[in-house]
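Here is how the chains run, residue by residue.
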Amino acid sequence: MRFFGVILIAVFLAGVWGEAGALTPGGQKISPPVKGEGIQKEPEMKKSPAAANSVRRVTKLVKKIEGGTLYTESGQYSLAGVQVLDLTKNIKVAGREGMPQKTAEMTFLNNQLKEVVIRQRQ
């Protein structure tokens, strides 16, 4: 009986010492890594969702407006279904050099032309 008591005490002490050996100085128990468990990343900062409608504004020099088409120095744009606001004055100048240039401020919504504002540039 005494022998059995010694064995129980030895097993108890071995269990206590085994746990004490696994403790870190901070008091946390370190366990071996479990297969399939990876290092957890910190939660990323959530970004606001991308805007559903992308708006872009472009200003170009106007060559001419003819037949529902706007001709600029870099291309041509159809004005069908586009809101056009012409803020230019009809200035009649004898020479081409004295004539003010026109600019087109174009507003695109989802890469589709929606509005054009024509202005004079001195």
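These figures come from a predicted structure and were not determined experimentally. (Residues numbered from 1 in each chain as written. Predicted model: local features only at pLDDT ≥ 70, side-chain atom pairs only at ≥ 80, totals over all residues. Heavy atoms only, no water.)

What follows concerns the overall build of the chain. A count of helices and strands for the chain gives one helix and six strands. Counting from the amino terminus, helix and strand elements in the chain follow one another as α-β-β-β-β-β-β. When each of the 122 residues of the chain is scored for burial, the buried share is 16%. Contacts spanning at least 24 positions in sequence make up 52% of the contacts within the chain whose residues lie at least 6 apart. (Helix = DSSP H or I, 4+ residues; strand = E, 2+ residues; numbered from the N terminus. Buried < 20%, exposed > 50% of the residue type's maximum accessible area, 1.4 Å probe, protein only. Contact = heavy atoms within 4.5 Å.)

Okay, the nonpolar core next. If you look at the biggest cluster of nonpolar residues, it comprises twelve residues: V58, V62, L70, Y77, L79, V82, A104, M106, F108, L113, V116 and I118. Residue assignment for this core shows that the elements contributing at least two residues are β1 (55-66), β5 (101-109) and β6 (112-121). With residues near it in sequence (within four places) discarded, V116 still touches L70, L79, V82, Q83, V84, L85, A104, E105 and M106. (Core = buried A, V, L, I, M, F, W, Y, C linked by side-chain atoms within 4.5 Å.)

Here the focus is the sheet that holds strand β4 (residues 83-86). The six strands are arranged β3-β2-β1-β5-β6-β4 in an open sheet whose pairing can be described as mixed. A single partner strand is all that each edge strand has here, and the edge strands are β3 (76-78) and β4. The average undirected angle you get between the axes of adjacent strands in this sheet is 35°. Pairing of β4 with β6, which is carried by four bridges, proceeds in the parallel orientation. Opposite V84, over in β6, you have V116 as the bridge partner. (Pairing = 2+ DSSP bridges. Axes fitted to C-alpha atoms, helices over the stretch in contact; angles between N-to-C directions.)

Let us look at the environment of L109. Considering the arrangement of structural elements, one finds L109 in strand β5. Considered as a pair, L109 and R56 are 53 residues apart in the sequence and their alpha carbons are 6.6 Å apart. Once residues lying within four places of it in the same chain are set aside, the contact partners of L109 are N53, S54, V55 and K114.

Right, let's get into the side chain of T88. Along the chain, T88 falls in the loop between β4 and β5. Of the polar contacts made by the side chain of T88, one reaches the side chain of D86; its length is 2.6 Å. In contact with T88, other than residues within four places in its own chain, are K102, I118, R119 and Q120. (Polar contact = N/O pair within 3.5 Å; in protein donor to acceptor, adjacent residues only side chain to side chain.)

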